[in-house]
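# Examining the three-dimensional arrangement
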Amino acid sequence: MRTILFKSVPFDKGLVTLALESGVDGIIVPRAQVDSVATLARCRVLADEDVATIALSAKADEEDAAARLARGETVVLARGWEIIPVENLLAQSDDVAVEVADLSEARLAAGILERGVATVVVLPEGAGELKSIVADLKLSQGCLDLAPAVVTAVENVGLGHRVCVDTMSMLRRGQGMLVGNSSAFTFLVHAETEHNEYVAARPFRINAGAVHAYAQMPGDRTTYLEELRAGDEVLIVSADGSTTVATVGRLKVEARPMLLVRAKVGEVEGAVFLQNAETIRLTRPDGTPVSVVSLKEGDQILCRTDCAGRHFGMRIKEDIKEC
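Computed from a prediction, not measured in an experiment: that's the story for all the values here.

## Describing unusual backbone geometry
Of all residues except glycine, most have a negative phi; of all peptide bonds, most are trans. The residue after Val9, namely Pro10, is reached through a cis peptide bond having omega 5°. For Leu113, which is not a glycine, the phi torsion comes out positive at approximately 55°. Take Leu113: it is sitting in the loop between α5 (103-111) and β7 (119-122).

## Focus on a nonpolar patch on the surface
A cluster of nonpolar residues, Ile83, Ile84 and Leu108, forms a patch on the protein surface that exposes about 260 Å² of accessible area. Along the chain, the position of Leu108 falls in helix α5.

## A word on the environment of Gly266
As for its position among the elements, Gly266 is in the loop between β15 (243-265) and β16 (268-275). A C-alpha to C-alpha distance of 9.9 Å links Gly266 and Ala147, two positions 119 residues apart in sequence.

## What to know about the pairing of strand β1 (residues 3-7)
Of all five residues in β1, four are buried; the element is thus mostly enclosed. Relative to β7, β1 runs parallel, the two sharing four bridges. Looking at β7, one finds that Phe6 is bridged to Val122. Looking at chain direction, β1 and strand β2 (residues 26-29) are connected through three bridges and run parallel.

## Here's the deal with the environment of Gly23
Mapped onto the secondary structure, Gly23 falls in the loop between α1 (13-22) and β2. Measuring from C-alpha to C-alpha, the distance between Gly23 and Ala135 comes to 8.8 Å, with 112 residues separating the pair along the chain.

## Some thoughts on the pairing of β15
When strand β8 (residues 147-167) meets β15, the two strands line up antiparallel, connected through 15 bridges. Bridging from a neighbouring strand, Ala153 pairs with Arg262 of β15. Between strand β14 (residues 233-238) and β15, which pair antiparallel one after the other, the connecting turn spans four residues, and Gly241 there sits at a positive phi close to 95°.

## A closer look at the nonpolar core
If you look at the biggest cluster of nonpolar residues, it comprises 39 residues, and the most contacted ones within it are Ile27, Leu77, Val86, Val96 and Val98. Not counting chain neighbours up to four residues away, the residues in contact with Val98 comprise Val76, Leu77, Trp81, Val86, Ala109, Val117, Thr119, Val120 and Val121. Among the nonpolar cores identified, the runner-up in size contains 36 residues, and Ala215, Val261, Ala263 and Val290 belong to it.

## With respect to the pattern of salt bridges
Overall, the coordinates contain 20 salt bridges when judged by the stated rule. Its salt-bridge partner being Lys7, residue Asp48 comes within 3.8 Å of it at the nearest N-O pair. Within this pair, whereas Asp48 is found in the loop between β3 (44-47) and β4 (52-54), its partner Lys7 is found in strand β1, the two being separated by 41 residues in sequence. Taking the relative accessible area as the measure of exposure, Asp48 reaches 22% and is therefore partly exposed. Here Glu226 and Arg229 are joined by a salt bridge, their closest N and O atoms 3.9 Å apart. Where salt bridges share partners, they join Asp64, Arg68, Arg71 and Glu73 into one cluster.

## Regarding the UniProt feature "domain: 3-dehydroquinate synthase N-terminal" (unreviewed entry) in the chain
The sites that UniProt annotates as "domain: 3-dehydroquinate synthase N-terminal" (unreviewed entry) are residues 12-134. Structurally, residues 12-134 is divided into 40% helix and 18% strand, and its ends, taken at the C-alpha atoms, are 19 Å apart.

## Here we look at the packing of helix α3 (residues 59-70) against helix α4 (residues 83-90)
Helix packing geometry: the angle between the two helix axes and the distance between the axes. Interaxial distance between α3 and α4 falls to 10 Å at its minimum, and their mutual angle equals 30°. Overall, the two elements α3 and α4 adopt an arrangement that is roughly parallel. At the point where α3 passes α4, the crossing takes the right-handed sense. Contact residues: Lys59, Glu62, Ala65 and Ala66 in α3; Pro85, Asn88 and Leu89 in α4. Of the residues in the contact of α3 with α4, the class split is four nonpolar, one polar and two charged.

## Focus on α5
The complete set of buried residues in α5 reads Leu103, Glu105, Ala106, Ala109 and Ala110. One side of α5 carries all its buried residues, which in axial view fall inside an arc of 160°. For α5, the secondary structure elements touched by its buried residues are β6 (97-100), β7 and α6 (130-139). Once α5 ends, the next one or two residues include Leu113, with phi positive near 55°.

Thresholds, definitions, all that
- Residues numbered from 1 in each chain as written.
- Predicted model: local features only at pLDDT ≥ 70, side-chain atom pairs only at ≥ 80, totals over all residues.
- Heavy atoms only, no water.
- Helix = DSSP H or I, 4+ residues; strand = E, 2+ residues; numbered from the N terminus.
- Patch = residues over 30% accessible without salt bridge, like charges linked within 9 Å, V, L, I, M, F, W, Y side chains within 5 Å.
- Areas by Shrake-Rupley, 256 points an atom, 1.4 Å probe, with all protein chains shown as cover.
- Salt bridge = Lys/Arg side-chain N within 4 Å of Asp/Glu carboxyl O.
- Buried < 20%, exposed > 50% of the residue type's maximum accessible area, 1.4 Å probe, protein only.
- Pairing = 2+ DSSP bridges.
- Core = buried A, V, L, I, M, F, W, Y, C linked by side-chain atoms within 4.5 Å.
- Contact = heavy atoms within 4.5 Å.
- UniProt positions renumbered as here; feature names shortened; annotations may be inferred.
- Axes fitted to C-alpha atoms, helices over the stretch in contact; angles between N-to-C directions.
- Parallel < 35°, antiparallel > 145°, perpendicular 65-115°, else oblique.
- Left-handed = near helix turned anticlockwise from the far one by under 90°.
- Nonpolar A, V, L, I, M, F, W, Y, C, P; charged D, E, K, R; others polar.
- Arc of directions from axis to C-beta.

Written out as structure tokens, the structure is:
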């Protein structure tokens with residue numbers, strides 16, 4: 001995962017506090033402030049004097065940066081860098097760092113050669129957008145293609161162990177997790193953001209499905225719901241396909257009455273087992289939640305189709321059929 005540092009030079013205690021609360025990985029400060037900043041939070045604190053900040057104004061500067069990186073030095077490319085020299089350095093090192101002053105520069109740095117730089121150093125003038133920079137670079141996982149699927153069956157199937165994924169994030173309407181019987185066909189299971197007269201909303205929770213189900217995870221991986229643990233990062237998907245990351249705070253695995261929901265995208269069919277309760281919802285194409293209790297054949301819900309074939313959650317090329 002990309003590293004985000006905040007550079008507080010000259011030193012500003014207020015900006016350092018803001019940076020730590022925003023979730024940066026580390027702080028760069030003058031050497032005289034290193035020890036005091038290190039007491040504020042468990043994070044990396046670097047002395048500015050130990051960082052080689054290089055302005056790329058000539059080819060010789062690029063060569064100097066490459067040589068320093070090869071020697072294992074901490075090198076940061078000063079703001080004003082251009083894409084071609086950064087591309088050249090990325091071809092030689094996995095430890096390239098650049099200064100940025102706003103969200104657009106951070107996004108540009110993160111997308112160079114489709115993998116981006118390893119470290120983004122946010123300058124004091126970027127403090128106003130720091131939270132947005134951290135959220136965009138740390139949490140966003142790109143965009144997934146979702147498609148309307150037509151429900152073909154909703155069946156009672158008896159008791160089974162289901163997994164509630166309680167995250168450390170407050171989710172909103174239209175968000176949930178992609179879960180299914182097959183990694184090739186997953187359903188957007190909606191977070192418990194809705195109130196009813198019997199149960200309060202639990203916007204941090206996704207009642208995700210049966211223990212054996214696959215869940216889409218960050219980094220194009222999958223996992224069985226039963227394998228999730230507190231502290232794991234899970235992929236949160238919105239109805240428009242945008243994604244973010246949330247951390248699991250707790251899991252609740254309990255035996256409950258279950259439903260089998262089947263749906264089709266074109267001629268491709270998938271299925272998911274979900275608890276038989278009004279608070280468990282799938283997601284309509286417009287992003288609104290629909291309870292599994294009221295779901296019926298012919299309804300449209302959001303799903304994702306993919307190629308089958310996973311080994312320990314990693315994508316592989318293999319002929320496989322999951323029913």
